[in-house]
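# Residue-level structural notes
Spelled out from the first residue to the last, the chains are:
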Amino acid sequence: IRDFCLSRGLGDVYKRQEIICVATYELAIDFFIQMKDEKTSQDISLRKQELLNKYEEGHFPLEDIEFMRTEIHYAWSNNFDFLPPILENCVKNIN
């Protein structure tokens, strides 16, 4: 999906995709901090904030983000190559 992280509030599918991006960014921030890569962690943190700034506070329910974060973390722990493509797609497509 080309517009993975560019949804403009066009429905639940887009909102879910953006929640996936927010959760992915959070996991990636933690990962790069643990890898002592502060610059990449800060870059990803800025991208996450750009996405959040597109909407009013509360647009993304915290329980949905936490659920998706757990799902992605579980998938990533089973297959380490799982997270990087999602992150790359989010980074590539956010404005």
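Please read all numbers here as calculations on a predicted model, not as lab measurements.

### Observations regarding the confidence of the model for the protein chain
Put simply, the protein chain has an average pLDDT of 77, and 75% of its residues get 70 or more. Put simply, helix 4 (residues 83-93) is where the protein chain has its lowest mean pLDDT, 70, and helix 2 (residues 38-53) is where it has its highest, 89.

### Comments concerning the side chain of Glu26
Structurally, the position occupied by Glu26 is in helix 1 (residues 12-34). Classification of Glu26 by relative accessible area gives buried; the value is 14%. If we ignore the near neighbours within four places in the chain, the residues touching Glu26 are Lys48, Ile65, Glu66 and Arg69.

### A look at the pattern of salt bridges
Tallying each qualifying case throughout the model produces five salt bridges. Residue Arg69 pairs with Glu26 through a salt bridge whose shortest N-O separation is 3.1 Å. Of this pair, Arg69 sits in helix 3 (residues 62-78) while Glu26 sits in helix 1, and the two are 43 residues apart along the sequence. Between Arg69 and Asp30 there is a salt bridge, and its shortest N-O distance comes to 2.6 Å. One end of the pair, Arg69, is in helix 3; the other, Asp30, is in helix 1, and 39 residues separate them in sequence.

### Regarding the packing of aromatic side chains
Evaluated as defined, the whole model comprises two aromatic pairs. Here the aromatic rings of Phe31 and Phe32 are separated by 5.1 Å at their centres, their planes lie at 75°, and the arrangement is edge-to-face. Considering the side-chain rings of Tyr55 and Phe60, the 5.4 Å spacing of their centres and the 80° angle between planes classify their relative orientation as edge-to-face. Judged by relative accessible area, which is 16%, Tyr55 ranks as buried.

Reading the values: rules and limits
Residues numbered from 1 in each chain as written. Predicted model: local features only at pLDDT ≥ 70, side-chain atom pairs only at ≥ 80, totals over all residues. Heavy atoms only, no water. pLDDT = per-residue confidence, 0-100. Helix = DSSP H or I, 4+ residues; strand = E, 2+ residues; numbered from the N terminus. Buried < 20%, exposed > 50% of the residue type's maximum accessible area, 1.4 Å probe, protein only. Contact = heavy atoms within 4.5 Å. Salt bridge = Lys/Arg side-chain N within 4 Å of Asp/Glu carboxyl O. Phe/Tyr/Trp six-rings, centres within 6.5 Å; stacked < 30°, edge-to-face > 60°.

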